[in-house]
Structure formats: C-alpha cells, structure tokens
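# Survey of secondary and tertiary structure
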Amino acid sequence: MNGRALLLTLLIVLAGCAAPIDPGFADTATTTQSTGQTTAAQATQTQTPTPQATPTAIGAQDNPWQEETLTVALSIPEDDSREYEPLVEEALAYWEANSQRYAGYPLSFALEPNAENPDIVVEFVPHVETCGEKREVAGCAPYITDARQVSRPERIQVLSGLSEKSTVLVLKHELGHAMGLDHGDEPRSIMNGQASLTTLPQTNATERPLPWDHAELSVYVDYGVVPEGERTEVRAQLQHALDYYSNGADNYVPENVSFVTVSSASEADIVIRFTDSSPCGVDPGSCGAVRGEDPDGDGALETYTHLEITLTHIDRDATGWHVGWWLGYGFGFEAESEYPDPFRGASYSERRGEWWE
C-alpha cells in the first residue's frame, strides 16, 4: 500500500426484507364454498354466480358476513411467548373506525382469543409457505366479496417474526381482504400489493460467526490493468489469501468456509478488481465495500450478500495481504484488533512477506 492508509467503505443496502420474506402480500379467494381457493389475481377473472335470493340480514346487501360484529380468535404456537393481542386489537380498532368508509358497511369486532365458534381465526405462523400460487409471503387471507364465500371460521395467516409496526400493517391488509378490499383499493397505504416490512431485532452481521447465509463463497477476479505476464504471480497471491481463510484463519472464521471461482461478476459473492483509479479516493491503495440485507430496519446489515474488493497500483507481492484484509472485513471484522495476527499492525515488509505461514 506504499504507506497509504486503508480506506474502509461500508455500503448499506436497506432491504425491507430478510432472506426468506416476499416483499408483497398474497391472498386467496373462494368462489363458492365447494370450489377451493385461488389467488386474488385469479379471483378477479372468475365469474361468481348471481345470488338467487335477496339476503335479509342487516346490512347483508353490502356486508358479505351478514353480521355487524365478528368474533376473532387467535392461534399462536405454544413455543411463541410474544404478546399478539395488542397488535390484533390495534388492527381491529382501525377497521371498526374505517370499515364504513372503505368497505362500504359498518363492522365491529370482538377479540376472544380462545373463542370456540369464531368468525375469524388469526394464525401467527413462522412461515406462510403458500397462499394460492404464491409462496413465502408475509400474510394470507380469504378475499371475500359475497356471502356464499364465507365458511366459518375463516383463517388469516400472519408471519410471526415481523416487527410490531409491520405485524399491524399485515393484519390490517389481510383483514381488508376479508372485508372485500383488493390490492390497490383505498386506503392504498394499507391495501397496496407490496410493502416494506421489517422483522423483530436480529443479530448484526458483524456479531455473527459467519455474516453470510452460506459457507461456500463464489469469487470472481477482474484482472483489469494487471499485465498478462504478471497474472500468474497475482493469482498465487490471491490463492494464499483464499487458502488462509478456507483453512480457518487461525480459528477466526468457521471451519466450513470455502471458496469457488466463477466466470462472471454477476454470479459472485466476492468480486476482486484491479483498476487504475480507486472508487474510494485512495490511489495507490485498496478498498472494500459490503452489501447485504437489513431486515429489522436498524441501519446495520444482518447478512452480507456481496463483497467488492478494489486494488489500485498495489505491489504484486502485497496483493495477497490486501485481499486478505478485505476478506476479513467480509467476515465481519471491523477494528484491527478483531483481525487475525497477520493483519494487526503489519509493516511494509510484512505485507510483502509470507504472512500466511
């Protein structure tokens, strides 16, 4: 690095969602009690038979439930100690105040978590695996627009690992479908088909034994400005760095870490580039950037998905040390004291020596 300081660069990509949550909502609809469920998109193309008789219940012409008060029960896994009742109460209170305005009929709810004969059961589940044709979604509910679609108790599923704010949003959204509202209907802030959702607090990437969600990391090298005659030496240097970490980095990374080379940057977890100018403003020098996911929305990445290492006019015999430093950064090391010994206070000559031994 010729005496220049390393520049640490962290690129944070905020993702509303952790791998495995879909950022949209999915819904099911029943055209009659005997036809089963289809997705909301399919339901818009399905012809529902015209009722043969005029309903006589209060509000029945507008209210497919044919009741003004619906009893809501809860289904919570035995090993889940989270308090869901206040969140459900908040969502129900919203629709009690707004059902007339948006659904076209007044509706109230009685939350009885253990009700024996409820109209609706809200189920909190660790995974909403399927909802019609959609998979891995945040919530699922029947899309009800006709009294003949109602088969009590109707079930609404909500992902259990969401933050309080996101849990309430999904509850409101799915209850809206159960009241006959479709994607894009008002209020759009609730009934949009997509939403940015956050999870309960999760462990940050820098605090995990492995910040990636897989231990075999793919690597692509863009030799760029490296002359053909020097690439053999550079490859050897890069291999020393990769081998050091795949061998456990003196017990600083899990033993199952490994690397595999790929033929394009688009399919790589780690990209190493040799350039004439640095994107970090240090020339000559090296810099790195990580991208990843922040599902709990706390501003810190919980999982890394990409590491970019850029080397600009680095001496060939120091290439491995620089790559090794940034690989450590990609394994969650931040302060120099967190790195293995070869990267702590290394001198100019040590960076060019056999530091991996």
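Preceding block: the structure.
Since we're looking at a predicted model, the values are computed, not measured. (Residues numbered from 1 in each chain as written. Predicted model: local features only at pLDDT ≥ 70, side-chain atom pairs only at ≥ 80, totals over all residues. Heavy atoms only, no water.)

With 45 residues, the main nonpolar core has Tyr245, Phe259, Ile270, Ile272 and Leu327 as its most contacted residues. Looking at this core, the elements with two or more residues in it are β11 (216–222), α5 (231–246), β13 (270–275), β14 (285–293), β15 (303–312) and α6 (319–330). Discounting residues that sit within four places of it in the chain, tyrosine 245 has contacts with Val253, Val257, Phe259, Gly324, Leu327, Gly328, Phe331, Phe333 and Phe343. Membership of the second largest hydrophobic core comes to 43 residues, among which are Val88, Ile120, Leu175 and Leu197. (Core = buried A, V, L, I, M, F, W, Y, C linked by side-chain atoms within 4.5 Å. Buried < 20%, exposed > 50% of the residue type's maximum accessible area, 1.4 Å probe, protein only. Helix = DSSP H or I, 4+ residues; strand = E, 2+ residues; numbered from the N terminus. Contact = heavy atoms within 4.5 Å.)

Quick look at the side chain of aspartate 119 now. Mapped onto the elements, aspartate 119 comes out in the loop between β5 (108–111) and β6 (120–125). Among the polar contacts made by the side chain of aspartate 119, one reaches the main-chain amide nitrogen of threonine 71 at a distance of 2.7 Å. Looking at aspartate 119, its side chain comes within polar contact range of the side chain of arginine 152, at 2.5 Å. With sequence-adjacent residues up to four places away left out, aspartate 119 is seen in contact with Trp65, Glu67, Thr69, Leu70, Thr71, Arg152, Pro153 and Glu154. (Polar contact = N/O pair within 3.5 Å; in protein donor to acceptor, adjacent residues only side chain to side chain.)

Another point: the packing of α5 against α6. At a minimum axis distance of 8 Å, the contact between α5 and α6 shows a crossing angle of 35 degrees. You can see that α5 and α6 cross each other, and the crossing is right-handed. Contact residues: Val234, Gln237, Leu238, Ala241, Leu242 and Tyr245 in α5; Thr319, Gly320, Trp321, Val323, Gly324, Leu327 and Gly328 in α6. When grouped by side-chain class, the residues that make up the contact of α5 with α6 number eight nonpolar, five polar and no charged. (Axes fitted to C-alpha atoms, helices over the stretch in contact; angles between N-to-C directions. Left-handed = near helix turned anticlockwise from the far one by under 90°. Nonpolar A, V, L, I, M, F, W, Y, C, P; charged D, E, K, R; others polar.)

The strand order across the open sheet formed by five strands is β5-β4-β6-β10-β9, and the pairing between neighbours is mixed. Two strands close off the open sheet at either side, each with one partner strand: β5 and β9 (139–140). (Pairing = 2+ DSSP bridges.)

A few words now on the packing of aromatic side chains. On inspection of all chains with the given rule, the structure shows 19 aromatic pairs. Ring centres of tryptophan 321 and phenylalanine 343 lie 5.7 Å apart, and the angle between their planes is 45 degrees; this geometry places the pair in the tilted category. Taken together, the residues tryptophan 321 in helix α6 and phenylalanine 343 in the loop between α6 and α7 (348–351) connect sequence positions 22 residues apart. Its relative accessible area of 1% is what places tryptophan 321 among the buried residues. Between tryptophan 326 and tyrosine 329, the ring centres sit 5.3 Å apart and the planes meet at 85 degrees, which makes this aromatic pair edge-to-face. With tryptophan 326 and tyrosine 329 both in helix α6, this residue pair falls three residues apart, about one helical turn. (Phe/Tyr/Trp six-rings, centres within 6.5 Å; stacked < 30°, edge-to-face > 60°.)

So, on to unusual backbone geometry. The omega torsion across arginine 152 and proline 153 is -5 degrees, close enough to zero to call that bond cis. Of note, the amide linkage connecting glutamate 186 to proline 187 takes the cis form, showing an omega dihedral of 0 degrees. Residue placement: proline 187 occurs in the loop between α3 (164–178) and α4 (188–191). Notably, alanine 249 is not glycine yet its phi reads approximately 50 degrees, a positive angle. Looking at the element boundaries, alanine 249 is found in the loop between α5 and β12 (258–261).

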